[in-house]
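Here is what each chain is made of, one letter per residue.
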Amino acid sequence: MPFGRNARIQLEHGGQNESTEHYQTVAYWYGMNRPTLVKSDELKIGSTESQAAHQYVSPEASAPYEVESRYEWGVDTLNGKEIYAAERDVGRKTTGTSEFNLRLSPENYGVLLRRKLDYQFPNQRAEVFVAPVKNGKIAGRFKPAGIWYLAGSSTCVYSNPKEELGAAQHNVQTSNRRFRDDEFLVSRKLTEGREAIRVRIRFTPVPRPLFPGQPLPELAWSEIRYDAYCFVMPKF
């Protein structure tokens, strides 16, 4: 689990974090007190200024739309008190291709891309390509970087028959937690020594219903924000 300055790890006690039993945990971290994963750039989808600065292009993308939702952090309320309030953010959805530039640290040993997305669109899959950028312009051809795939969505199906061997049920449930962060690793050979790269993301839909006989939901690639993190050697 790569992280930057700090990491927050939580354990839920009980179905709604209401259990009062005493628990103890021990975590060991082996590393250095110097960063080895450094944020180098951020693209905010829906921001005209940020899109222009990163030469963002997505011909099939929707107009920016606002999402009010939560991450999967825990219960919304407990004993009448709101624990995690809903947040608002702006993003787009696309069924085609998105391209944008990201700044890097030339001394990188690979790059981690982090995408904030709307998880209501299921099984988001895309092919990722990377090209070098010099002085704001593409300086080479695009090369494949891999498949970016996030299975599932905020809608799930479960079965809870009254009898142990009862007939399967298809109970569909949709969570109000639509925000999700997902990560993709870009190989060192595509990023080392480069101050910037051009990223091309090509949506490749997965036409799989939630369960047999269920109509296909809307399929799309969701973009709210992209962050670039460079793996670097610690400085002493």
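Quick look at the structure, then. (Residues numbered from 1 in each chain as written. Predicted model: local features only at pLDDT ≥ 70, side-chain atom pairs only at ≥ 80, totals over all residues. Heavy atoms only, no water.)

Here we take up the pattern of salt bridges. Here the structure, examined in full by the defined rule, presents 20 salt bridges. Here K44 and E42 are joined by a salt bridge, their closest N and O atoms 3.8 Å apart. Overall, the relative accessible area of 44% leaves K44 in the partly exposed class. Residue classification places E42 among the partly exposed positions, given a relative accessible area of 26%. In this structure, the salt-bridge partner of R177 is D76, at a minimum N-O distance of 3.1 Å. Residue R177 is located in the loop between β12 (171–174) and β13 (179–186), and its partner D76 is located in the loop between β2 (65–69) and β3 (77–78); the two are separated by 101 residues in the primary sequence. Judged by relative accessible area, which is 19%, D76 ranks as buried. (Salt bridge = Lys/Arg side-chain N within 4 Å of Asp/Glu carboxyl O. Buried < 20%, exposed > 50% of the residue type's maximum accessible area, 1.4 Å probe, protein only. Helix = DSSP H or I, 4+ residues; strand = E, 2+ residues; numbered from the N terminus.)

Mapped onto the secondary structure, D182 falls in strand β13. Buried charge without a partner: D182 forms no salt bridge, and the closest opposite charge is R115, 4.0 Å away. The residues touching D182, leaving out its near neighbours within four places in the chain, are L113, R114, R115, L117, W148, Y149 and L150. (Lys, Arg positive; Asp, Glu negative; His and termini not counted. Contact = heavy atoms within 4.5 Å.)

Here we take up the packing of aromatic side chains. If you walk through the whole model with that rule in mind, you get seven aromatic pairs. A centroid spacing of 5.8 Å and a plane angle of 40 degrees characterise the contact between Y71 and F179, whose relative ring orientation is tilted. Taken together, the positions of Y71 in the loop between β2 and β3 and F179 in strand β13 put the pair 108 residues apart, joining distant regions of the chain. The exposure class of Y71 is buried, given its relative accessible area of 14%. Seen from their ring centres, W148 and Y226 are 6.4 Å apart, and the 65 degrees between their planes marks the pair as edge-to-face. Taken together, the residues span a long stretch of sequence, with W148 in strand β10 (residues 143–150) and Y226 in strand β16 (residues 225–231) at a distance of 78 residues. You can call W148 buried: its relative accessible area is 1%. (Phe/Tyr/Trp six-rings, centres within 6.5 Å; stacked < 30°, edge-to-face > 60°.)

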